[in-house]
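The lines below spell out each chain.
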Amino acid sequence: MSGDLPGVKLDEQLLGRQLYDCVADLYPICRSITGDGVRETLSHLKQIVPLTVSEVPSGTAAFDWVVPNEWNIRDAYVKNAQGERVIDFHDSSLHVLNYSRPIGETMSLAELRPHLFTLPDKPDWVPYRTSYYAENWGFCLSQNRLDALPEEEYEVCIDSSLGPGALTYGELLIPGESAEEVLISCHICHPSLANDNLSGVAVAAYAARYLQSRSTRYSYRFLFIPATIGSLVWLSRNESSVSRIRHGLVLACLGDSGPLTYKRSRRGNAMIDRVAAHILKQRDDCELFDFSPYGYDERQYCSPGFDLPVGRLSRTPHGRFPEYHTSADNLDFVKPVQLAGSLLACLEIFEALEQERVYLNQKPKGEPKLSKYGLYDSIGGGTDSPAFRMALLWVLNLSDGRHGLLDIAERSGLDFQEVALAADALCAKGLLKEM
Amino acid sequence: MSGDLPGVKLDEQLLGRQLYDCVADLYPICRSITGDGVRETLSHLKQIVPLTVSEVPSGTAAFDWVVPNEWNIRDAYVKNAQGERVIDFHDSSLHVLNYSRPIGETMSLAELRPHLFTLPDKPDWVPYRTSYYAENWGFCLSQNRLDALPEEEYEVCIDSSLGPGALTYGELLIPGESAEEVLISCHICHPSLANDNLSGVAVAAYAARYLQSRSTRYSYRFLFIPATIGSLVWLSRNESSVSRIRHGLVLACLGDSGPLTYKRSRRGNAMIDRVAAHILKQRDDCELFDFSPYGYDERQYCSPGFDLPVGRLSRTPHGRFPEYHTSADNLDFVKPVQLAGSLLACLEIFEALEQERVYLNQKPKGEPKLSKYGLYDSIGGGTDSPAFRMALLWVLNLSDGRHGLLDIAERSGLDFQEVALAADALCAKGLLKEM
Amino acid sequence: MSGDLPGVKLDEQLLGRQLYDCVADLYPICRSITGDGVRETLSHLKQIVPLTVSEVPSGTAAFDWVVPNEWNIRDAYVKNAQGERVIDFHDSSLHVLNYSRPIGETMSLAELRPHLFTLPDKPDWVPYRTSYYAENWGFCLSQNRLDALPEEEYEVCIDSSLGPGALTYGELLIPGESAEEVLISCHICHPSLANDNLSGVAVAAYAARYLQSRSTRYSYRFLFIPATIGSLVWLSRNESSVSRIRHGLVLACLGDSGPLTYKRSRRGNAMIDRVAAHILKQRDDCELFDFSPYGYDERQYCSPGFDLPVGRLSRTPHGRFPEYHTSADNLDFVKPVQLAGSLLACLEIFEALEQERVYLNQKPKGEPKLSKYGLYDSIGGGTDSPAFRMALLWVLNLSDGRHGLLDIAERSGLDFQEVALAADALCAKGLLKEM
């Protein structure tokens, strides 16, 4: 993995279409933290990358938590007196309160009402609600739909099952030269929500596919897991080997129109934090956030007992866009060009992690006479950029064994890629050696 | 000392009145760095809190200084040819140059003039002047009064005494669980000046009274002392035990209309500096100053041979208000509401010092399942604030043995009190233990 | 070296004239990195200060470099068909491509053109071009002059020699109490360019003359050297003793109308960096730059194998003024008042380096009673400034063995000179001792 990103040059538009198709493909499936929706999702993803699927039985302990009963659903509806489905699970997987227990009853609107969830401020949108750990049942619908329901008897049916089964997750390890790992984690438990988090799932799948085509220094481990309980289960099953994780990214909300954002790991200045900040700052627009113990699975990876160097790459963070956790987070809300841009940023971050290292200037006393090595003549020839010329001088000046390429990029204000190219050129001439 | 501040909730208006009454009560007394004015002042304060009064003989050495002769004054005036008192000590204790030697003579205005002090820029105000260590005599008066004096003979009388006696100060130790001390120091040597420093004296007295009603972790030591020589004397008599002082505050100028200000200790980032900054920043308006070796007794506590973690809580700092050291620093210049606000800030600072500690998350791997402990259900119930929910997560995430509650408050941006409440709740459930 | 700068008080106008005369005197000489122009320049400078001149034979290795053949030139011209010199070296040393090999031919304008260098954007100016290490020949002229040349045959003559000889540089060591050195380096290789770098050469020469008249704590080493190869040669010949260099300044571009600027050493916070920043900040206008491995001989001194604490004092940095490396960098471009201001800043920096040290307060417990030592009475007398009073308190407070005078100046916001005066006064009274 060196030089540039072939994928970038090949076809950004194609990448955007592939990512969007992946999102669209997975969108209709009703996912939850357990159940067949997750299995079907992983099955689709296997068409992109080879995943190992794990099944962890209900009742398995994971630190302070226990894998819950598995939930599956076949149908759910509310029928009016005329027998018409006024709320229908088959219209959208959001219509059912996620993890609803089965029910089949007839009741008045007054009796039904406590089980109906709406968004009065957004009367056209259907909210996304869950009740994983407190047994309940319910329906989500738009406020307008609710307002239109007359006071009459309704047939209420949720054809779900909730019982011993398993929690399912997908995993892929792409081995590199070293056993040191980069962890990429995305949550796959949300039903028909496009940005949160089919965008993250698609970017992770295609990042994995890209990395499979390269030889890398690090090993890359991808996790496609239900949020919270999934990362807890994975951590509890892999506790002894998490020390291999040198860098990590949670991928979530990567398809909306906002600029890229990065949330730092708990450590705040881990290499992944510095690399992600450097790569994102090269864009016109980006935002960096300090760690907070709220969000996605970075909460678990960055819990104090693990404190892994795992940050989060997103566009608009969860909760900062009104469409968050509603039916408006649909296939119109994510854009191919944004998905492709997210993937490329992700790959640029990996590229910088791959190339980052500490070199030692082999002629540290004074500047070497670059023209002797064809590194100044080439300059005079005008084919090299002024940035490359400066990068040569910076790399020579700071390669004293105490500064890595990222340090040099940060201090010089040059792009990491320019600095890495200069280091390659100097290595080729024997002026620089890896420490 | 835990939870909230009973005094705060009980009656802020009542506190304001009590503090103001204390200032008004002490205002007429002619104080100096020694003498009966100090004794009378301490006597009044004993009605609020039980003070131990120390008498240190004139001539006693205190480092590079020596306790001076004691000064007392009964009367002082300038009479015109008609025998009318044109300057009268009984009108205001400011009229006499503090520490004036006795005199009784008749002289021309020309002879008198070098001994008269005015403020030409503030022609209605009487300045406050002292001459502790160079024997002198004089009167302070308004420029307008001086301008009205005709050229004639004046009878000049200062019925003072200056001779061996003692320096007097008051002290109160409120023992806590630990022998570690919080030092609170205020200067009591200024005569009829309300803000500088009867405001500080009153706040100190009522802070002591409040602390006497609580059980505390720290011991609290209050000093009511003459400025400079008083702190030097106290330090020289207690040199071997100053290492017990963990935190300290000089209280001065706490009654004017300005916002609260805090001057950092010489150390700059002592716990008292961080706590005071945190508490003050919760107000709409406040100002923080770095240490400088000019000001009140923090100069002595923060001299390099002691370098105690003692900052200063004030409103408008000395010298920044035009009324400073003039007759305009009178009972109109200080406000009950400002005095009460200063006392409350002071108590909040003590409260945070009391509660500050380092806890250890007992379930550091992943997040604990808060609903198991009633800490998530209660959230759902809506009675707890979003800030409290975030505080629970922050305390769990950062309680790794390297972060105290103040660290957590600073990093999370939450109020210390919210963080401390979350820590209490987590301790109660066994999820957190004090280190 | 203590107290103030005699030179400053004596006559700043005189200094400006002397510096300007020195620049004007050296301006016509055709200098290069080797040759008689350098020898003649050093010869002139010897009238100001006694220099040791070193001759380093061509072929001598200096790290990755080799001393090139020596270049000398007697005449160079292009004559038109009428035998008139249309380009004449005797008009300006810039007209010949520096280091041109000899040539004597007749050729058409088309054949000549690839050897002519102009500045199309500045059609009246003649550029400065060199070709030290790639054998070539050429002429520099204004675009207007070139445009006026008809297509005809031209006689081209460069009467130069390029062969084994020596590289010449001047050096002066002014011994101080200590063998620790301050290095001052300026490049003397540029031909008729006034600001770059006769300004630096003149300032260095007069700084040396000033220091010769003082007794100093540090030894001061002045280098008058050709850029790059000169500093490399000097470093390679003095490698074992560079560790004596405690502080250093490269002097360049010190006569233009811009404000003073300082470029930090590679270390970034070396004493010279802090002192220069402090001295420059006392001016209305100044600019500070971080180190970059581009510029003048600081590139070599700050190469990672040496990493010497050497910064650069300039006015407008190279490349930031349009006259840079053109005939417009002439005697009109530099001003006596600017040269004098640069010299004074330089001397103030040396003064602060001389005075900087760590003192120990001899009465660290509480403040000493300054009036006992005549340091408070004098205050009362009004002859001392409020800044001096504050400086006394700051020096006492921070002289705990961990803060030097510069630390105290930086923290207090007072001028270094004020702080040094206070330290002197306190030493004189035994209140302070050098550590």
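Described below are features of the structure shown in this document. (Residues numbered from 1 in each chain as written. Chains lettered and ligands numbered in written order. Predicted model: local features only at pLDDT ≥ 70, side-chain atom pairs only at ≥ 80, totals over all residues. Heavy atoms only, no water.)

## Considerations on the sheet that holds strand β9 (residues 153-163) of chain C
Residues and elements named next belong to chain C.
Argument step 1. Here 4 strands make up an open sheet; going across it, the order is β5-β4-β9-β6 and the pairing antiparallel. Where the open sheet ends on each side, the last strands, each with one partner, are β5 (85-88) and β6 (103-108). With strand direction ignored, the average angle separating the axes of adjacent strands in the sheet is 15 degrees.
Argument step 2. Of the strand pairs in this sheet, strand β4 (residues 70-79) and β5 are connected by 3 bridges, and their pairing is antiparallel. Residue pairing across strands places Lys79 opposite Arg85, the latter belonging to β5. (Pairing = 2+ DSSP bridges. Helix = DSSP H or I, 4+ residues; strand = E, 2+ residues; numbered from the N terminus. Axes fitted to C-alpha atoms, helices over the stretch in contact; angles between N-to-C directions.)

## Some details on the interface of chain B and chain A
Argument step 1. Taken residue by residue, the interface counts 20 residues in chain B and 19 residues in chain A.
Argument step 2. With both sides pooled, the region where chain B packs onto chain A buries about 1,700 Å², and carbon together with sulfur makes up 51% of that total.
Argument step 3. When the buried area of chain B at its contact with chain A is split by residue, Lys365, Glu367 and Lys369 of chain B rank highest and sum to 39% of it.
Argument step 4. Across the contact surface, chain B and chain A share 5 salt bridges.
Argument step 5. Linking Asp64 of chain A and Lys372 of chain B is a salt bridge whose minimum nitrogen-to-oxygen distance equals 2.8 Å.
Argument step 6. If you look at where chain B meets chain A, you find 15 residue pairs in polar contact (both at pLDDT 80 or more).
Argument step 7. Listing elements by their share of the side of chain B that touches chain A, those giving two or more residues are α12 (386-398) and β18 (400-404) of chain B.
Argument step 8. It is α12 of chain B that contributes the most residues to the side of chain B that touches chain A, 6 residues altogether.
Argument step 9. Looking at the side of chain B that touches chain A residue by residue, the class counts come to 8 nonpolar, 4 polar and 8 charged. (Contact = heavy atoms within 4.5 Å. Buried area = accessible area lost by both parts, 1.4 Å probe. Salt bridge = Lys/Arg side-chain N within 4 Å of Asp/Glu carboxyl O. Polar contact = N/O pair within 3.5 Å; in protein donor to acceptor, adjacent residues only side chain to side chain. Nonpolar A, V, L, I, M, F, W, Y, C, P; charged D, E, K, R; others polar.)

## Brief notes about α12 of chain B
Argument step 1. For α12 of chain B, spanning 13 residues, the distance from its first C-alpha to its last is 18 Å, which sits close to the expected 18 Å at 1.5 Å a residue.
Argument step 2. Those residues of α12 of chain B not exposed but buried are Phe388, Ala391, Leu392, Leu393, Trp394, Val395, Leu396, Asn397 and Leu398 of chain B. (Expected span 1.5 Å × (residues − 1). Buried < 20%, exposed > 50% of the residue type's maximum accessible area, 1.4 Å probe, protein only.)

## Some points on the relation of the copies chain B and chain A
Argument step 1. Here chain B sits on chain A after a turn of 120 degrees about the axis and a move of 0.0 Å along it, with an RMSD of 0.0 Å. Overall, the copies show the geometry of a three-fold rotation axis. When each C-alpha of chain B is compared by its distance to the rotation axis, Asn269 of chain B comes out closest, at 13 Å. (Least-squares fit on C-alpha atoms with pLDDT ≥ 70 in both.)

## Notes on the packing of aromatic side chains
Argument step 1. For the structure shown, the criterion picks out 27 aromatic pairs over all chains.
Argument step 2. Between Phe63 of chain C and Phe306 of chain C the ring centres are 5.6 Å apart and the planes differ by 65 degrees, which places this aromatic pair in the edge-to-face class. With Phe63 of chain C in the loop between β2 (61-62) and β3 (65-66) and Phe306 of chain C in the loop between α9 (298-301) and β16 (310-314), this residue pair connects regions lying 243 residues apart in the sequence.
Argument step 3. Taken together, the aromatic side chains of Trp65, Trp71, Tyr99, Tyr132 and Tyr133 of chain A make up a single cluster linked through ring pairs.
Argument step 4. Taking NZ or CZ as reference, Lys369 of chain A lies 4.1 Å from the ring centre of Tyr133 of chain C, over its face.
Argument step 5. It is Lys369 of chain C that lies over the ring of Trp65 of chain B; its NZ or CZ is 5.5 Å from the centre. (Phe/Tyr/Trp six-rings, centres within 6.5 Å; stacked < 30°, edge-to-face > 60°. Lys NZ or Arg CZ within 6 Å of the ring centre and 35° of its normal.)

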